[in-house]
Amino acid sequence: RKLLKLSFWNVQQLMEVRREVQPIIAKNKARARTTQAYAELAAMQGAAEGNNLQDVTEYLEDMREYDVPYHVRFAIDCDIRCGYWYNVKCQDGVTTMEWRSDL
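Fair warning: this is a prediction, and the values are worked out from it, not measured in the lab.

Undergrad: Looking at this structure, how should I read the overall build of the protein chain?
TA: Each helix and strand in the protein chain was counted, giving two helices and two strands. Listing the helices and strands of the protein chain from first to last along the sequence gives α-α-β-β. Sequence-distant contacts, at least 24 apart, represent 47% of the contacts inside the protein chain between residues at least 6 apart. Carbon and sulfur atoms make up 55% of the accessible area of the protein chain, which totals about 9400 Å².

Take a look at the structure:
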């Protein structure tokens, strides 16, 4: 099973993509249930199952961790933990965080 990871610059972009992708996934899940029923019937009759997907969106089956708040996802991805102190530096548009082990 192959997965596609999407990253966003802000929460607004995340919500826009989520709003567009959710109906596609719902349609694909319904199609998969129907296709599975017909595939089982065809297998019983000895017919070969064909794959006639035409659009890349037809491969979208599920969406994971869409309900994790953006700031929590950032903390997980960047290994930022609560209860720790960090030195935060911003220079030339790049922000760095360094864990303070002395505190």
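Here the narrative resumes, following the displayed structure.
Undergrad: I tried to follow the pattern of salt bridges on my own but got confused; where do I start?
TA: Pairing between side chains of opposite charge can happen when the charged atoms of each approach one another. Evaluated as defined, the whole model comprises four salt bridges. Among the salt bridges present, the one from R81 reaches D79, with a minimum N-O distance of 3.0 Å.

Undergrad: It is not clear to me how the packing of aromatic side chains should be interpreted in this structure. Could you clarify?
TA: Pairs of aromatic rings are described using the distance from one ring centre to the other and the angle between the two planes. In total, this model carries one aromatic pair according to the counting rule given. With centroids separated by 5.1 Å and ring planes inclined at 55 degrees, the aromatic side chains of Y84 and W99 adopt a geometry described as tilted. Taken together, the residues Y84 in the loop between α2 (70-77) and β1 (85-91) and W99 in strand β2 (residues 94-100) connect sequence positions 15 residues apart.

Undergrad: Please explain the pairing of β1 as it appears in this structure.
TA: Walk down a regular strand and you will see the side chains alternate between the two sheet faces. Across seven bridges, β1 lies against β2 in antiparallel orientation. Within the sheet, the bridge partner assigned to Q91 lies in β2 and is V94.

Calculation criteria
- Residues numbered from 1 in each chain as written.
- Predicted model: local features only at pLDDT ≥ 70, side-chain atom pairs only at ≥ 80, totals over all residues.
- Heavy atoms only, no water.
- Helix = DSSP H or I, 4+ residues; strand = E, 2+ residues; numbered from the N terminus.
- Contact = heavy atoms within 4.5 Å.
- Areas by Shrake-Rupley, 256 points an atom, 1.4 Å probe, with all protein chains shown as cover.
- Salt bridge = Lys/Arg side-chain N within 4 Å of Asp/Glu carboxyl O.
- Phe/Tyr/Trp six-rings, centres within 6.5 Å; stacked < 30°, edge-to-face > 60°.
- Pairing = 2+ DSSP bridges.

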